[in-house]
Amino acid sequence: MELAQLSHTLRQDALSVVFVNVLLQQMGVPVPAVPTLLLAGSLAAGPDGLGKLLAVAVLASVVADWAWYGAGKLFGYRVLAGLCKLSINPASCVSQTEARFIRWGLSSLVVAKFIPGFSTVAPPIAGALRMSLGGFLLAAAAGAALWAGAALGAGWVLKEAVQAAIVALDEHMGRALVVAGLLAGAWLGWKLWQKYRFRQQCAIAHITPTELLAALESADRPLVLDLRGATMIAATGPIPGTRLAEHDRLHEAVGDWPKNRPIVTLCACPEDAGAIQAARRLLKDGYLSVRPLQGGYEAWLAATGQAEPADPQ
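All of the points below concern the structure found in this document. (Residues numbered from 1 in each chain as written. Predicted model: local features only at pLDDT ≥ 70, side-chain atom pairs only at ≥ 80, totals over all residues. Heavy atoms only, no water.)

Here we come to helix H11 (residues 209–216). Residues spaced three or four apart along an α-helix face the same direction, because each turn holds 3.6 residues. Every buried residue of H11 is listed here: Pro209, Leu212, Ala215 and Leu216. When H11 is viewed along its axis, its buried side chains cluster within an angular range of 120 degrees and face the same direction. Of the surrounding secondary structure, the elements contacted by the buried residues of H11 are strand E1 (223–226), strand E3 (263–266) and helix H15 (296–304). (Buried < 20%, exposed > 50% of the residue type's maximum accessible area, 1.4 Å probe, protein only. Helix = DSSP H or I, 4+ residues; strand = E, 2+ residues; numbered from the N terminus. Arc of directions from axis to C-beta. Contact = heavy atoms within 4.5 Å.)

Written as structure tokens, this is what we have:
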């Protein structure tokens, strides 16, 4: 849709356009919502109109967050694993975001909309952890009000500049599309470069589940760090004989373990991303033998003959 057409549509039915745009964006559809909010704010007839736009944007955002909360409550960590697999960069594993969310609590939802990636995983994490629905909805509404209010307010205050920018973009739409395409290409290239670098880092030596089982029976028993997120651990239970660990608190988990003794890192991430990341960090810090478990938690279950537990309802 051209900017002039979008501007015309917003003048005709701004509330519907804002609701649908925000709802789709918060559900995970890759459509930009902030430009629409800026433009809608610049076209608002007065404070009453601005208030209605804000209410509609908050409602759409809360409906989407509620849907993600329900998915997390119903399907547990599987929703988070699915989100992690969709990431261009598997090293940005959901469990790391999950640990931060648990540390900050529901108050993190107030700023979640301003943090790329965090906004998507926070609602299903809250559902998977069975957090209070009332508190969740209040925090989600407050966060949506800050996010949408900032964009609508900026459009209202800078209405002349926004309108001038719309006219300029319409006059030079071809150039604007080229610039936008170049910026999108640069962003995608950067993400793919990160993925390539991660592939290079995967060259670190792994340990197989069979080798780990044998090592656990030996005299030189390794320290096994379980890096799975709290949502998954709550659903499946801890692995006996391991230590729970967070990426931001690795050394607290390692404790006084000697640097010359073996360590194994384990996660439930695509391509063992989190376990590789943790192993590299510990090797850099002077630990001499750190290996990620090949295949992660699923491989461990298969090797020990265990069935994957179902999420509690």
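Read from one edge to the other, the open sheet built from four strands follows the order E2-E1-E3-E4, with strand pairing classed as parallel. Because the sheet does not close on itself, it has two edges, and the strands there are strand E2 (243–244) and strand E4 (290–292). (Pairing = 2+ DSSP bridges.)

Interaxial distance between H11 and H15 falls to 9 Å at its minimum, and their mutual angle equals 65 degrees. Overall, the two elements H11 and H15 adopt an arrangement that is roughly perpendicular. The chirality of how H11 crosses H15 is right-handed. For the pair H11 and H15, the contacting residues are Pro209, Leu212, Leu213 and Leu216 in the first and Ala299, Trp300, Ala303 and Thr304 in the second. Within the contact of H11 with H15, the residues separate by chemical class into seven nonpolar, one polar and no charged. (Axes fitted to C-alpha atoms, helices over the stretch in contact; angles between N-to-C directions. Parallel < 35°, antiparallel > 145°, perpendicular 65-115°, else oblique. Left-handed = near helix turned anticlockwise from the far one by under 90°. Nonpolar A, V, L, I, M, F, W, Y, C, P; charged D, E, K, R; others polar.)

Helix length check: helix H14 (residues 273–284), at 12 residues, gives a terminal C-alpha distance of 17 Å against a target of 16 Å (1.5 Å per residue), a fit within 8%. The first or second residue beyond H14 is glycine 286, which carries a positive phi of 105 degrees. (Expected span 1.5 Å × (residues − 1).)

The next thing to look at is the nonpolar core. Leu225, Leu250, Val254, Ile263 and Leu282 are the most contacted members of the largest nonpolar core, which totals 20 residues. Elements that contribute at least two residues to this core include exactly E1, helix H13 (250–254) and H14. Ranked by the residues each element gives to this core, the list is headed by H14, at six residues. Leaving out residues up to four positions away in the same chain, leucine 282 has contacts with Leu225, Leu250, His251, Val254, Ile263, Thr265, Tyr287 and Val290. Of all hydrophobic cores here, the second largest spans 16 residues; its members include Val18, Ala40, Leu53 and Ala148. (Core = buried A, V, L, I, M, F, W, Y, C linked by side-chain atoms within 4.5 Å.)

What follows concerns the pairing of E1. The side-chain alternation of E1 yields two buried faces, one formed by Leu223 and Leu225 and the other by Val224 and Asp226. Where E1 and E3 come together, four bridges link them in parallel fashion. Bridge pairing links leucine 223 to isoleucine 263 in E3. Looking at chain direction, E1 and E2 are connected through two bridges and run parallel. From the neighbouring strand, aspartate 226 faces E2, where its bridge partner is leucine 244.

Here serine 61 is to be found in helix H3 (residues 47–75). If we skip the residues at most four places from it in the chain, serine 61 touches Val22, Gln26, Lys113 and Ala144.

The final tally for this structure, using the stated rule, is one aromatic pair. Over the face of the ring belonging to tyrosine 297 we find arginine 228, whose NZ or CZ atom lies 4.2 Å from the ring centre. Residue placement shows lysine 259 over the ring face of tyrosine 287; its charged tip is 5.3 Å from the ring centre. (Phe/Tyr/Trp six-rings, centres within 6.5 Å; stacked < 30°, edge-to-face > 60°. Lys NZ or Arg CZ within 6 Å of the ring centre and 35° of its normal.)

Let us now look at empty space enclosed by the protein. The full count for this structure, using the stated rule, is one cavity of 30 Å³ or more. Together, Leu212, Leu216, Arg221, Val224, Ile239, Pro240, Gly241, Thr242, Leu266 and Trp300 line the largest cavity. Residue classes in the lining of the largest cavity are distributed as seven nonpolar, two polar and one charged. (1 Å grid on protein atoms, 1.4 Å probe; cavity = no way out; pocket = protein on both sides within 12 Å on 5 of 7 lines; lining within 4 Å. Points joined across faces, edges and corners; volume = space filled by probe spheres on them.)

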